[in-house]
Amino acid sequence: MSDLKSARSALISVFDKNGLEPVVRKLNELGTTIYSTGGTEKFIRDLGIEVVPVEDLTSYPSILSGRVKTLHPKVFGGILNRRGNETDAAELEKYDIPQIDLVIVDLYPFEKTVASGASQEDIIEKIDIGGISLIRAAAKNFQDVLCVSSVKDYPEFLKLISEGNGTTSLNDRKRFAARAFNVSSHYDTAIFSYLNEEETVYKVSHSKGMELRYGENPHQKGHFFGEFSEIFDKLHGKELSYNNLLDVDAAVNLMEEFRNEAPTFAILKHNNACGLAQRNTILEAYKDALAGDPVSAFGGILIGNSEIDQATADEIHQLFCEVVIAPSYSEEALEILKGKKNRVLLIQKEAKLPKNQIRTCLNGILVQDKDQKTDTREDLTFATHTKPGEEELSDLLFASKICKHTKSNTIVLVKNHQLLASGTGQTSRVDALRHSIEKAKAFDFDLFGAAMASDAFFPFPDCVEIAGNAGIKTVIQPGGSIKDQLSIDYCNQNNIAMVTTGTRHFKH
């Protein structure tokens, strides 16, 4: 027995009329009886196509300013009846209910209304009732009914009925039903998220997924769910990979610390800064960021907080890098940077970043507030007799910003607003410190007078002792160890200035 079904009758009621005309004309050509409501009915009638008002079907007018139009047994009975079921067929005949084989419905733009800053009254009015009910009913009965729930599906639907002379297969209807339930579940999640203020419930829905070339490694599949274009304009280059996106995320969050500050440039590799500097010009900032670790910079992610000009682009062009991010580029800079066909060039827009962080854990997920605490002068407690000067304080806070965005355990060394080195992702804070000192010396940096930042407290004085022997003169750390005084005593005995922040910045 064939599973093909003909669309002999259709209910069409949509908010967005874009792309609807060719669909309606094709259905009319196929001899499909069209039922409709309100603005959609007028749209179809203005095309010169015969349409039956739903009010004529239900013998009931639209009421409550349009809040109730299609919620009627003659509509839902026509959609939900099981073809071939004798009892259903008898009830349709008894109550004079016509079968409806096709439902084309979209939903009020709830999310767009919320994003527009509309009043709560306007937002509540954009909670669709009839549309969502029609979508669920038609999708439930996909054995016999086709549901088209998005304007994005019009081209495929039009192709189906054109090639099938108005018929669709069970596989077609099931595929469209799955999309319809995706639409309805996403819509309900958006409404819940808007209204919920008390329930400890985690719900998230992304209606668009971008398939990546692969995941973290070539044997892993990868997808990105989100609205990349809300944050960036992509000007040039290949498609971003899974690892690129992780690095871009790390770069954007790091540079957010330096928003509206002097020209700052950072180079990241595997989610950590390998170079970062703040200078009077973006060119100087880039050069000094690169000097921090020119080896790791190869294949890295570059980001600046101000426009990239021609001179800076000339310098960048000499380096192999995967991605360059900036708020803008001069025309000359763009022409230069586009010289490498695969290099990704992004303009970062003014967009809000998420306030939560999410990651899988065991058979569930972990959700936490993003670490949005940036250490300031007001947070500092001067723990030692020796106090840092103004320039030293500035370096300490600069180092603290970088430390916050570096994998734990970490130690960050800074001098004159330049990242000299960092020990990243070490199992021991001592190892992180030794690694950073070794790395700084490998690139001929003088550590005398440098500032050191730690993401967590020192349980023993070994770190400040190693730092002091390397020439480091100022330290910023959260404090809070029961043995804080041991490190403070060593600093006092060796003229090292230490400040504590009271805030730990672990990053795993």
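Heads up: the structure comes first, above all this text.
What you see is a predicted model; the values in this text were computed from it and never measured. (Residues numbered from 1 in each chain as written. Predicted model: local features only at pLDDT ≥ 70, side-chain atom pairs only at ≥ 80, totals over all residues. Heavy atoms only, no water.)

We now examine the overall build of the protein. Tallying secondary structure elements over the protein gives 19 helices and 23 strands in all. Taking all 508 residues of the protein together, 47% fall into the buried category. Put simply, of all contacts in the protein between residues at least 6 apart along the chain, 55% involve residues at least 24 apart. As displayed, the protein offers around 26000 Å² of accessible surface, 49% of which is attributable to carbon and sulfur atoms. Treating the 57 positive side-chain charges of the protein as one cloud and the 71 negative ones as another, the clouds have centres 4 Å apart. (Helix = DSSP H or I, 4+ residues; strand = E, 2+ residues; numbered from the N terminus. Buried < 20%, exposed > 50% of the residue type's maximum accessible area, 1.4 Å probe, protein only. Contact = heavy atoms within 4.5 Å. Areas by Shrake-Rupley, 256 points an atom, 1.4 Å probe, with all protein chains shown as cover. Lys, Arg positive; Asp, Glu negative; His and termini not counted. Charge placed at Lys NZ, Arg CZ, Asp CG, Glu CD.)

If a residue is not glycine, its phi is most likely negative; likewise, a peptide bond is most likely trans. Residue Asn 409 follows Ser 408 across a cis peptide bond; omega there is -15 degrees. Turning to its location among the elements, Asn 409 is positioned in the loop between helix H16 (390-404) and strand S19 (411-414). One non-glycine residue, Asn 416, lies in the positive phi region at around 55 degrees. Summarising the element assignment, Asn 416 is placed in the loop between S19 and strand S20 (419-423).

On to the sheet that holds strand S3 (residues 33-36). Spatially, the 5 strands line up as an open sheet ordered S4-S3-S2-S5-S6, and their pairing is parallel. Taken across any chain shown, the strands that pair with only one partner, and hence form the sheet edges, are strand S4 (52-53) and strand S6 (146-148). Bridge count between strand S2 (residues 9-13) and S3: 4 bridges; the pairing is parallel. Note that in S3 the partner of Ala 10 across the bridge is Ile 34. Packing against the sheet, helix H1 (residues 20-29) makes contact with S2, S3 and strand S5 (102-105), and its axis sits at approximately 160 degrees to S2. (Pairing = 2+ DSSP bridges. Axes fitted to C-alpha atoms, helices over the stretch in contact; angles between N-to-C directions.)

On the surface, Tyr 202, Val 204, Ile 358, Ile 365 and Val 367 cluster together to form a nonpolar patch covering roughly 420 Å² of accessible area. Tracing the backbone shows Ile 365 in strand S17 (residues 364-369). (Patch = residues over 30% accessible without salt bridge, like charges linked within 9 Å, V, L, I, M, F, W, Y side chains within 5 Å. Salt bridge = Lys/Arg side-chain N within 4 Å of Asp/Glu carboxyl O.)

Our next topic: the nonpolar core. Of all hydrophobic cores here, the largest spans 37 residues; its most connected members are Leu 276, Ile 303, Val 323, Ile 325, Ile 402 and Val 412. Leaving out residues up to four positions away in the same chain, Val 412 has contacts with Ala 399, Ile 402, Cys 403, Thr 406, Leu 419, Ala 421, Ser 422, Ala 451, Met 452 and Ala 453. Core analysis: the next-biggest nonpolar cluster, separate from the first, contains 27 residues, Tyr 35, Val 105, Ala 138 and Ala 177 among them. (Core = buried A, V, L, I, M, F, W, Y, C linked by side-chain atoms within 4.5 Å.)

Moving on, we get to the packing of H1 against helix H9 (residues 154-163). One can describe the packing of H1 onto H9 by two numbers: an axis separation of 10 Å at closest approach and a directional angle of 20 degrees. Comparing their axes, H9 and H1 come out roughly parallel. The handedness of the crossing between H1 and H9 is left-handed. Of H9, the residues touching H1 (which contributes Leu 20, Pro 22, Val 23, Lys 26 and Leu 27) are Tyr 154, Phe 157, Leu 158, Ile 161 and Ser 162. Residue composition of the contact of H1 with H9, grouped by class: 8 nonpolar, 1 polar and 1 charged. (Parallel < 35°, antiparallel > 145°, perpendicular 65-115°, else oblique. Left-handed = near helix turned anticlockwise from the far one by under 90°. Nonpolar A, V, L, I, M, F, W, Y, C, P; charged D, E, K, R; others polar.)

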